[in-house]
Amino acid sequence: MEPLHMPPGYMSAHQVAQQLDITLGAVRILVHRGRLHRAGGTPRQPWYDSDEVDALLQSRQAA
């Protein structure tokens, strides 16, 4: 379920998981390890900066 008022340039946890081809649990692990930062939203529906997700995707593809 997507948040109704997410500003442009941000992604939901579901979108991040889909973009990185990982599970929601893996998204939480990235946040816990400090590799991805919540940029807003609520505790149950956080938003992530799409530029940060893109940078993470590029670093994963380079490895």
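A. Inspection of helix α1 (residues 13–20) at higher detail. Of all the residues in α1, the buried ones are A13, V16, A17 and L20. The buried residues of α1 occupy an angular sector of 100° when projected down its axis, which confines them to one face.

B. Here's a closer look at the confidence of the model for the chain. Chain-level pLDDT for the chain is 91 on average; 94% of the residues reach the 70-or-more range. Per-residue pLDDT, averaged within each element of the chain, yields its smallest value for strand β2 (residues 38–41) (92) and its largest for helix α2 (residues 24–32) (97).

C. Spatial organisation of the pairing of β2. Looking at chain direction, β2 and strand β3 (residues 46–49) are connected through three bridges and run antiparallel. Each bridged residue has a counterpart across the sheet, and for G41 the counterpart in β3 is P46.

D. Main features of the packing of aromatic side chains. Within this structure, the stated rule accounts for one aromatic pair. Plain terms: the ring middles of Y10 and W47 are 6.1 Å apart, the flat faces sit at 45° to each other, and that makes the pair tilted. You can see Y10 sitting in strand β1 (residues 10–12) and its partner W47 sitting in strand β3, a full 37 residues away along the chain. Note on Y10: relative accessible area 31%, which makes it partly exposed.

E. Just the sheet that holds β3, in detail. Spatial strand order, β1-β3-β2: three strands in an open sheet with antiparallel pairing. Looking at which strands have only one partner, the edges of the open sheet turn out to be β1 and β2. Across this sheet, the average inter-strand angle for adjacent strands is 45°, counted without regard to direction. The strands touched by α1 are β1 and β3; relative to β1, the strand with the most contacts, the crossing angle is about 90°. Taken strand by strand, helix α3 (residues 50–62) contacts β1 and β3, and its axis lies near 65° from that of β3.

Quick notes on the rules
Residues numbered from 1 in each chain as written. Predicted model: local features only at pLDDT ≥ 70, side-chain atom pairs only at ≥ 80, totals over all residues. Heavy atoms only, no water. Buried < 20%, exposed > 50% of the residue type's maximum accessible area, 1.4 Å probe, protein only. Helix = DSSP H or I, 4+ residues; strand = E, 2+ residues; numbered from the N terminus. Arc of directions from axis to C-beta. pLDDT = per-residue confidence, 0-100. Pairing = 2+ DSSP bridges. Phe/Tyr/Trp six-rings, centres within 6.5 Å; stacked < 30°, edge-to-face > 60°. Axes fitted to C-alpha atoms, helices over the stretch in contact; angles between N-to-C directions. Contact = heavy atoms within 4.5 Å.

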